[in-house]
Structures are given as structure tokens and as C-alpha cells.
Amino acid sequence: MANPELPSPDGLVLRPFRGVRFAVDDLAAVTSPPYDLVSREDIQTLLDAHPNNVVRLILPGADQHCYGEARESLSSWLRSGVLAVDETPALYVYEQSGPGFLLRGLIGDLGLSGPEKHIVLPHEDVMPKTVADRLALMRTTESNLEPIFLLYAGDGGDAARLIDEVAATRPPVVDVRTDDDISHRLWALTDPGEHAAVAADLRDRQALIADGHHRYATYLALQREYHAEGRGPGPWDFGLALLVDSTAYPPDLKPIHRVIPGLPLGKAAARAKGAWQVHEFAHVDEALAALGRAVGPAFVLAGNGPSHLLTDPDPVQVDHAMPASRSARWKSLVTSILSEFLLPKVWGMRDDEQAVRIVHHDPHIAIRMAREGSGTAVIVPPLRVEDVLAVAAEGERVPRKSTSFGPKPRTGLVLRTFATDSS
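Residues numbered from 1 in each chain as written. Predicted model: local features only at pLDDT ≥ 70, side-chain atom pairs only at ≥ 80, totals over all residues. Heavy atoms only, no water.

Chemist: With reference to specific residues and values, describe the nonpolar core.
Modeler: Core analysis: the largest hydrophobic core is formed by 115 residues, its most contacted members being F22, W276 and W347. Of the residues forming this core, the biggest block, seven residues, is contributed by helix 12 (residues 334-346). Look past the residues within four positions of F22 in its chain and what remains in contact with it is L27, V30, N52, V54, W77, V82, L83, G412 and L415. Among the nonpolar cores identified, the runner-up in size contains 18 residues, and A290, V300, V359 and M369 belong to it. (Core = buried A, V, L, I, M, F, W, Y, C linked by side-chain atoms within 4.5 Å. Buried < 20%, exposed > 50% of the residue type's maximum accessible area, 1.4 Å probe, protein only. Helix = DSSP H or I, 4+ residues; strand = E, 2+ residues; numbered from the N terminus. Contact = heavy atoms within 4.5 Å.)

Listed below in C-alpha cells is the structure:
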């Protein structure tokens, strides 16, 4: 049958819902980082901390893809009281704090809209395999197990003022410190008047997806599926999201590095010399410090042997490698130069899941992985927030795995199921 027209919100919508929350003594022990930051080793550590850790839901089974097992765990925990459903629909004020940072925002049901509506702006491409994985999990469990992370320019509006007022004057329903020394607090806002004030403040704003592109793409895919099946309007027209005012709480934008197991470091550096200025360093920390001082596109190549700083790429070669349809700002992004020039033109490979591994934030982890695989770590400097926002506002998307906005919301503090969501 033809896909019917999907419901379309009239603006940025974050509605209250009946949150599903853990009812255990050690709440910190049942939480986890977002699914894409959890390694195989981390899974066992999390399960050792608590048998009901949320990782059983987000990465279920020995192969992390046992979706039926996740559904059974979710149902069992709801029946046994490990998970409890809040009685009253709420928007949830969420606060993270730690050494040198504070983040506050609202968790709620985000009204779904395609990028053509210019309400929720993606800035990054997605990989079909990852969307298919999250879609299978979401379809099987009929739930949103962790919020995506959105930024908007609140400019001191009613929502931003309400968030700070609540955090300063009301007792939280959750107050825990996780093993990474980060404090997490949660407040449930159940007053319809406050819901209305938030709705009015947000309606005319745009939001940028900071983290969760694959999950947002999954929200949209499931919505299309269910409407094509004739289910009509329902909880699948919304998705769990954390919305943060970036003017009140500026995000931390960190890089995502690459590891190429099949490319020896010496060969990578030698091939780069035809298109880059290549500077050799005996110690990797010296190369990383030089990367921090570099002006213009630059990378560090590291692994077994001396490290190399790449600077000053040949502008003619770079320009020739870039898609003609892209904007000048997009072409200037260091990750665009990585994905369109350094990897395919200099090294003859694509930046895909088969040839290239990714490492969030920590260059030393990437370098260790490269050494273990006799490959090359490509240490990437972070993009600028203003560049990402400008690219997204023009309807473009940065290359995959270009950004890691933080701090990311902790998974397991509040979940959402279709069966218990308010309608």
C-alpha cells in the first residue's frame, strides 16, 4: 500500500510522557554510557556491577543483537517491578555535573519531522547497517531505551528559566553519582501549566541533533513503517530526546579518531608526502601538541614507530577531490578533507565500517589499537561548533563520525515504552 502522509508537528514539540524508571537500590549500577560508546569489555563490567544493567536492553545477548532477549528482559522487569512506570505524564529536567562542567536540559517526547521541515536538523550522515540494527531493536521492544541529544538556542526563554528554577528549588526524583564521578539528577515536571509554557517557548525554534543521528533516523523509519501498516497516529510519532539550550549550557565538541588496521604507519606517511607537508616526531605527545598548534587542516599519524604531523595539503589536489555541489564551508572541514581526500585519494580507501575503525575522544586509545594491529591511527582535531551549526542550517551534513558532542546523557535514568506512553 502507499505510505500515507505522516503527522507533522507545527514546530519544535517536546511533550510529556509516562517515564519508565528503574526501581532498584543502586540506581547508578543499572545505568550505562550510550550504546555506541560501550565496548564488548564494558558490557561484562556493567553486568558484573548489576544483573539488571540497562546494557541487557540496549546491547542484548552474546552478539549484542538478540532483540527478542531484550524484549523479554524489558517485559520481565516491568512485571517484577525492577522497572516502574511513572503515574503522571512528565517532562523531566535532567542535570549532569562533574569537574568543570554542568549541563541541564529537558527529556521528553520529541515530535518527529523530516529534515525538509527544518525543525530538527541533522548534521551527520548515517550508516544503513547501524540504523537497521537500532530499528530491529526498537521494533521488537516497542520502546525508546535511551534519549537522543538535541541542542537549541534558548536565549533565556521560559523553558531555560524553568529548568534552572526547578534545579534550584525542588527535590529531585533521582540523584546518583556514576563510577566516572559524574552526578546525575532528574526532576519530574507534572504541572500542565509548566508543560504549556515549555511548549509555547519551543514551538518556533529549531533543534540540532548533537548525538543520536542513527536513533533519530530509526525513529523516522519506524514511524514510516507503522503508518504504512495502517496503525495511524500513535507513540511512534514521537521519540525520546534530551533538549539542551546551547546558549545557557554550551556543548563540548570532541573529535572522533580513525584507526586503519590494514595500513602500516610507514606506508601511510610515505604516501602522504606527495600531497602534504609531513613532519616527523620521535614522541607521539610532541606530535599531538603540534597538532593543537597547527593552523589549517592537519592530522597526526601514529602507530609503531615515529609519529607524523600532516599539514598544508596541496590546495589544488584537495579542491579536485571535493564534490562540486558542496559549500565552501563544508569543503573546509577537516573531516571532509579526511573522507574525500586523505583516505580515498591518498590512501585508496573509503571511510567506511569495513576498512576503518573509530575511536571517540582519546587519541592514546586509537594509537594503542593501531599498534596492536600494526596499522595507522589518524588523530583528528575537533570541528568548531559554529561550523557544524552553519553546515546543518544550510541543509548539508558533515561526513560520518565527524563530531562527538558532550556531555552525553546517561542511559537508564528514564526509558520510554509505546505501551505506557501517554497519548
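There is more to say, and it comes next.
Chemist: Let's hear about the packing of aromatic side chains: which residues, and what values?
Modeler: Describing an aromatic ring pair means giving the distance of the ring centres and the angle of the ring planes. Under the counting rule described, the total for this entry stands at eight aromatic pairs. Members of the aromatic cluster, joined through ring pairs, are Y226, W236 and F418. Directly above the ring of Y35 sits R134, whose terminal nitrogen or CZ lies 4.2 Å from the centroid. Its end group placed over the ring of W330, R326 keeps NZ or CZ at 4.3 Å from the ring centre. (Phe/Tyr/Trp six-rings, centres within 6.5 Å; stacked < 30°, edge-to-face > 60°. Lys NZ or Arg CZ within 6 Å of the ring centre and 35° of its normal.)

Chemist: Run through the packing of helix 4 (residues 128-141) against helix 7 (residues 213-228), naming residues and quoting values.
Modeler: Taken N-terminus to C-terminus, the directions of helix 4 and helix 7 make an angle of 55°; their axes are 9 Å apart at the nearest point. Relative to helix 7, the element helix 4 is oriented oblique. Crossing of helix 4 against helix 7: the hand is right-handed. On helix 7, the residues touching T130, V131, R134, L135, M138 and R139 of helix 4 are H214, R215, A217, T218, Y219, A221, L222, E225 and Y226. Class assignment for the residues of the contact of helix 4 with helix 7 results in eight nonpolar, three polar and four charged. (Axes fitted to C-alpha atoms, helices over the stretch in contact; angles between N-to-C directions. Parallel < 35°, antiparallel > 145°, perpendicular 65-115°, else oblique. Left-handed = near helix turned anticlockwise from the far one by under 90°. Nonpolar A, V, L, I, M, F, W, Y, C, P; charged D, E, K, R; others polar.)

Chemist: Now, about the pairing of strand 8 (residues 148-152): what can you tell me, with residues and values included?
Modeler: The element strand 8 is extensively covered by neighbouring structure, given that five of its five residues are classed as buried. Neither face of strand 8 is exposed, since I148, L150 and Y152 on one face and F149 and L151 on the opposite face are all buried. Judged from the five bridges that link them, strand 8 and strand 12 (residues 238-245) form a sheet pairing that is parallel. Bridging from a neighbouring strand, L150 pairs with L243 of strand 12. The sheet contact formed by strand 8 and strand 11 (residues 207-211) spans three bridges and is antiparallel. Paired with L150 across the two strands is I209, which belongs to strand 11. (Pairing = 2+ DSSP bridges.)

Chemist: Help me get a handle on the pairing of strand 12, residues and values and all.
Modeler: The element strand 12 is largely enclosed, with a buried count of eight among its eight residues. Residues of strand 12 alternate between two faces, with F238, L240, L242 and V244 on one and G239, A241, L243 and D245 on the opposite face, all of them buried. For strand 5 (residues 101-111) and strand 12, the ladder comprises six bridges, and the chain directions are antiparallel. When the sheet's bridge partners are listed, G108 is paired in strand 12 with A241.

Chemist: Describe the sheet that holds strand 17 (residues 307-311), and please don't skip the residues or the numbers.
Modeler: Judged by pairing direction, the sheet is antiparallel, and its six strands sit side by side in the order 15-17-16-19-14-18 without closing on themselves. Every interior strand has two partners, whereas the edge strands, strand 15 (277-281) and strand 18 (357-360), have only one. Between one strand axis and the next, the sheet turns by 25° as a mean value, whatever way the strands run. Strands strand 15, strand 16 (298-302), strand 17 and strand 19 (376-379) of the sheet are contacted by helix 8 (residues 265-272), whose axis makes an angle of about 150° with strand 16. Across the face of the sheet, helix 12 comes into contact with strand 14 (256-260), strand 16, strand 17 and strand 19 while running at roughly 60° to strand 16.

Chemist: Describe helix 4, and please don't skip the residues or the numbers.
Modeler: In a regular helix each residue adds 1.5 Å, so 14 residues correspond to 20 Å; helix 4 covers 20 Å between its end C-alpha atoms and thus fits that length. Of the residues making up helix 4, those classed as buried are T130, V131, D133, R134, L135, A136, L137, M138 and T141. In the core, the buried residues of helix 4 are packed alongside helix 2 (55-58), helix 3 (67-80), strand 7 (143-144) and helix 7. Phi turns positive, to about 45°, at E142, one or two residues after helix 4. (Expected span 1.5 Å × (residues − 1).)

Chemist: Any details on the environment of A287? Residues and values, ideally.
Modeler: Within the fold, A287 resides in helix 9 (residues 284-293). Through-space distance from the C-alpha of A287 to that of L309 is 6.1 Å; in sequence the pair is 22 residues apart. Dropping the residues within four chain positions of it, A287 is found in contact with F281, V300 and S307.

Interpretation in functional terms is not warranted from these geometric data alone.
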